[in-house]
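# Structural features, examined
This is what each chain is made of:
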Amino acid sequence: MKKTVSIFGGGWVGAPLAFKLALADFDVQVSVSSAHKQAAHPNIKVLDFRAEPGMPEQAWVSMCQSEIHIWAIPPRRKKNSEEHYLEILQDWIQQIDPKLTKKLIFLSSTSVYQNVSDIVTEESDIQESSLMAKAEAIIQSANLPVLILRLGGLMGGDRYVAKYFSGKRNDGANCPVNYIHKDDVVALCALTVEKINKGIFNIVAPIHPTKGEVGENDIEKRNMPAGTWDYSQPCLGGKIISGEKITKELKYQFKHPDPMEF
């Protein structure tokens, strides 16, 4: 019998993840705010679902019937978005049936860590007052196995460094980057569905050039207008986030280890 997966959020990560899991013979449900064919596959059921605070229980039923639940919906950028995001997560946890569900996977962010000039691992201190730290706490309150994946800066496809730095004055030229390519995010998330039951893991590329190096390199390769960089200023709080834990756990070889080559 096929294992069932519900992916809340069929966007930049959720849609390709749904497709990859379908190819691995999972039965997948993926939610989108309006139906599309981005994740088309016989094993994929696309549901027109948009998470909102205070929804009736019935609105959650169709998405909450799977063995594995993956939350891939990022916070929205608008008024009251933080409060609504946490309220939605609390509602989600309350709707999950522990008799049906085997584990929850929550896509978090490395932004939970404090801004220190050091190598940061999953054991490092986090900013307890940050949105994603509060979100993680809600997820961990569930009476279920919970897997939290802290993603680095998402790059790949239509997200490329030059797009954000070209023609602009950019700070932090000497600070290391903690990027991850979409192909590796999707591959690692799919592997955790099959092979890891619980825990906290960083998902970050293993090579950490500086922001200035990555920015200038990508701008030049794409023949875009140069940005302005100040290399005279030291990097304040330039943490390097280690993804070694999940790499060892899964014996994973990155498809895109170096952001200079994204």
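All values reported here derive from a predicted model rather than from experimental measurement. (Residues numbered from 1 in each chain as written. Predicted model: local features only at pLDDT ≥ 70, side-chain atom pairs only at ≥ 80, totals over all residues. Heavy atoms only, no water.)

### With respect to the overall build of the protein
Put simply, the test is: Comment: elements are numbered from the N terminus, with helices defined as DSSP H or I runs of at least four residues and strands as E runs of at least two. Note that the radius of gyration is over C-alpha atoms, with the globule rule given as 2.2 Å times the number of residues to the power 0.38. When checking whether two residues touch, look at their non-hydrogen atoms; a contact exists if any pair is within 4.5 Å. Here the open area of atoms and residues is found with the Shrake-Rupley method and a 1.4 Å probe, where only the protein chains shown may cover a residue. When charges are counted, Lys and Arg contribute as positive and Asp and Glu as negative, whereas His and the chain ends are disregarded. For charged residues, the charge sits on one atom: NZ in Lys, CZ in Arg, CG in Asp, CD in Glu.
Across its full length, the protein carries eight helices and 13 strands. In terms of overall dimensions, the protein is globule-like: its C-alpha atoms have a radius of gyration of 19 Å, near the 18 Å expected for 262 residues. Its C-alpha atoms give the protein principal-axis dimensions of roughly 55 × 40 × 40 Å. When contacts within the protein are restricted to residue pairs at least 6 apart in sequence, those whose partners lie at least 24 apart make up 75%. When the accessible surface of the protein is totalled, it reaches about 13,100 Å², and 49% of it is carbon and sulfur. Charge separation in the protein, taken as the distance between the mean sites of 30 positive and 31 negative side-chain charges, equals 4 Å.

### Here we look at the sheet that holds strand S11 (residues 199–203)
Test applied: Should DSSP find at least two bridges between two strands, the strands are regarded as paired. Note on method: axes are straight lines fitted to C-alpha atoms, helices fitted across the in-contact stretch only, with angles between N-to-C directions ranging 0 to 180 degrees.
Taken in spatial order, the seven strands make up an open sheet running S3-S2-S1-S4-S5-S7-S11, and their pairing is parallel. Each edge of the open sheet is held by one strand with a lone partner, namely strand S3 (44–48) and S11. Between one strand axis and the next, the sheet turns by 20° as a mean value, whatever way the strands run. Here five bridges tie strand S7 (residues 146–151) to S11, and the two strands are oriented parallel to one another. Following the sheet pairing, Leu147 is matched in S11 by Gly199. Helix H4 (residues 131–140) rests against strand S5 (103–109), S7 and S11 of the sheet, and its axis sits at about 175° to S5.

### Digging into the packing of aromatic side chains
This is how it is decided: Within 6.5 Å between ring centres, the rings of Phe, Tyr and Trp (the latter by its six-membered ring) count as paired, and their orientation is classed by plane angle as stacked under 30 degrees, edge-to-face over 60, tilted in between. The buried label applies to any residue whose accessible area, calculated with a 1.4 Å probe on protein chains only, is under 20% of its type's maximum; exposed applies above 50%, and partly exposed to all values in between. Over a ring means this: the NZ of a Lys or the CZ of an Arg is within 6 Å of the ring centre and within 35 degrees of the ring normal.
By the definition in use, this model includes eight aromatic pairs. Here the aromatic rings of Phe8 and Trp60 are separated by 6.3 Å at their centres, their planes lie at 40°, and the arrangement is tilted. Of this pair, Phe8 sits in strand S1 (residues 4–8) while Trp60 sits in helix H2 (residues 57–61), and the two are 52 residues apart along the sequence. Each of the two residues, Phe8 as well as Trp60, counts as buried. The ring of Tyr160 carries the charged tip of Arg222 above its face, separated from the ring centre by 4.0 Å. Stacked on the ring of Phe201, the Lys or Arg Lys245 has its end atom at 4.6 Å from the ring centre.

### Examining the pattern of salt bridges
Going by this rule: Any Lys or Arg side-chain nitrogen located within 4 Å of an Asp or Glu carboxyl oxygen qualifies as a salt bridge.
Applying the stated criterion to the full structure yields seven salt bridges. For Lys102, the salt bridge identified is with Glu67, shortest N-O distance 3.0 Å. On the criterion of sequence distance, the pair formed by Lys102 in the loop between helix H3 (81–95) and S5 and Glu67 in the loop between H2 and strand S4 (68–71) is long-range, its members being 35 residues apart. Residue class for Glu67 comes out buried when judged on its relative accessible area of 18%. Of the charged contacts in the structure, one is a salt bridge between Arg150 and Glu136, with a shortest N-O distance of 2.7 Å. One end of the pair, Arg150, is in strand S7; the other, Glu136, is in helix H4, and 14 residues separate them in sequence. Arg150 sits in the buried class, given a relative accessible area of 3%. Residue Glu136 is classed as buried on the basis of its relative accessible area of 2%.

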